[in-house]
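# Descriptive analysis of the structure
As a plain string of letters, each chain reads:
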Amino acid sequence: MSDLETLKDNLLAEVTAAGDEAAIEAVRVNALGKKGSISELLKTLGTMTPEERQTRGAAINALKTDIFAAITARKSDLKDAAIAERLARETVDISLPVRSSPAERGRIHPISQIIDEITAIFADMGFSIAEGPDIETDHYNFTALNFPEGHPAREMHDTFFFNPDANGERKVLRTHTSPVQIRTMEASSPPIRIIIPGKTYRQDSDATHSPMFHQVEGLVVDTKSNVANMRWILEEFCKTFFEVDDVTMRFRPSFFPFTEPSFEVDIQCDRSSGPIVKFGEGTDWMEILGCGMVHPNVLRAGGLDPDVYQGFAWGMGLDRIAMLKYGMPDLRNFFDADVRWMSHYGFRPLDMPTLFGGLSA
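Residues numbered from 1 in each chain as written. Predicted model: local features only at pLDDT ≥ 70, side-chain atom pairs only at ≥ 80, totals over all residues. Heavy atoms only, no water.

Secondary structure summary: the chain contains 12 helices and 10 strands in total. Computed over C-alpha atoms, the radius of gyration of the chain comes to 43 Å, more than 25% over the 21 Å expected from 2.2 N^0.38 for 361 residues, which places it beyond the range of a compact globule. Here the C-alpha coordinates of the chain stretch approximately 135 × 55 × 35 Å along the principal axes. As displayed, the chain offers around 19,600 Å² of accessible surface, 54% of which is attributable to carbon and sulfur atoms. (Helix = DSSP H or I, 4+ residues; strand = E, 2+ residues; numbered from the N terminus. Rg over C-alpha atoms; globule rule 2.2 N^0.38 Å. Areas by Shrake-Rupley, 256 points an atom, 1.4 Å probe, with all protein chains shown as cover.)

Now the structure itself:
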């Protein structure tokens, strides 16, 4: 029986030495496989006498049983160890910060934010929003706004013209949002109180100008509107928009074909802090918009009688006042689609500007 004991000891040593499931499977095949060492011994049972079969045969079967049990136990241990090792290797550290949601990562463009802020301010004053097409006729963009054919005032704008159509008319990319004033007067009766935010186009490009930029205009038409009303509205707007308690404004005479009289509006400010201009304090002045009483010819073009109705209008560049309020040094960055710039200057999408919670909170 010494040969069986020796074989058993050798096989048990191999079982113990098996380091993974592949190794223990190799031991099983070598011992219990079709041509394994124990299987070969079992094949000799047929040549034994009955007496030998009772003794040696029983010993071979006992050896098979012991080795099978040892292999099964070792395989189970190795399987558990492999699972434990895999779990340790693939552990997820739930203490790491969770990736923020798209709503938290996304940002509202400053221009969209400025439009929302201005809308909130003027809506509180009873204004509604009016819109018009970006591609305009010469009539709405110039003639109806008191720019006669050949008038030098047309040279104030570097206009993008389209090729002439079948009737020889050349449409334009609107140079201002003022055509919406005419369209509104044609479509509705006074009293009119509207603001007109939108894109405008001129052939100009540098750190403070862009070929496509944004403007907002306001228009009030009724029977009693006057410069004092306009001044109050603009003062209240500036105080609320720049989020200061008080502003000092000055009106300088100017010229716009569609208003008479016309004014440039400056507000007092402090420019000592670099790109961020502080309003409501300081000794400097900053021009922020143009305004005036609506020209009688413009009222006539809109289908209104200037002997009955009068009005005032104002306009400003949205991009420029965004730069002033939030300290943005270069207008061209507004249109670069740079994610880093948007992450820095953009606004969280769920923080809506309100007069109660703060416009730029």
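Additional details are given in the paragraphs that follow.
Here the focus is the state of the cysteines. In protein chemistry, a disulfide is the covalent bond that joins the sulfur atoms of two cysteines. The full count for this structure, using the stated rule, is 0 disulfides. Take Cys238: it sits in no disulfide, and the sulfur closest to it among the cysteines is that of Cys291, at 10 Å. For Cys238, a relative accessible area of 0% corresponds to the buried category. Judged by relative accessible area, Cys291 falls into the buried class, the value being 1%. (Disulfide = S-S within 2.5 Å. Buried < 20%, exposed > 50% of the residue type's maximum accessible area, 1.4 Å probe, protein only.)

Angle between the axes and distance between the axes are the two parameters that describe a pair of packed helices. Packing of helix H6 (residues 110–124) against helix H11 (residues 318–326) brings their axes to within 10 Å, and their N-to-C directions diverge by 95°. The orientation of H6 relative to H11 falls into the category roughly perpendicular. Contacts between H6 and H11 involve Ile111, Ile114, Ile115, Glu117 and Ile118 from the former and Leu318, Asp319, Ile321, Ala322, Lys325 and Tyr326 from the latter. Each residue belonging to the contact of H6 with H11 can be placed in one class, and the counts come to 8 nonpolar, no polar and 3 charged. (Axes fitted to C-alpha atoms, helices over the stretch in contact; angles between N-to-C directions. Parallel < 35°, antiparallel > 145°, perpendicular 65-115°, else oblique. Contact = heavy atoms within 4.5 Å. Nonpolar A, V, L, I, M, F, W, Y, C, P; charged D, E, K, R; others polar.)

Examined bridge by bridge, strand S6 (residues 249–256) and strand S7 (residues 259–270) share 7 bridges and lie antiparallel to one another. Pairing of Arg252 across the sheet is with Glu264, part of S7. Between S6 and S7, which follow one another and run antiparallel, lie 2 residues. (Pairing = 2+ DSSP bridges.)

The next thing to look at is the packing of aromatic side chains. In total, this model carries 16 aromatic pairs according to the counting rule given. Consider the rings of Phe237 and Phe241, whose centres lie 5.4 Å apart with planes at 20°: the pair is stacked. Of the two residues, Phe237 and Phe241 both sit in helix H9 (residues 227–241), 4 residues apart, roughly one turn of that helix. The class for Phe241 is buried, based on a relative accessible area of 0%. Residues Phe251 and Phe263 carry aromatic rings whose centres are separated by 5.6 Å and whose planes lie at 65° to one another, so their mutual orientation is edge-to-face. Of this pair, Phe251 sits in strand S6 while Phe263 sits in strand S7, placing them 12 residues apart in sequence. Both residues of the pair, Phe251 and Phe263, count as buried. (Phe/Tyr/Trp six-rings, centres within 6.5 Å; stacked < 30°, edge-to-face > 60°.)

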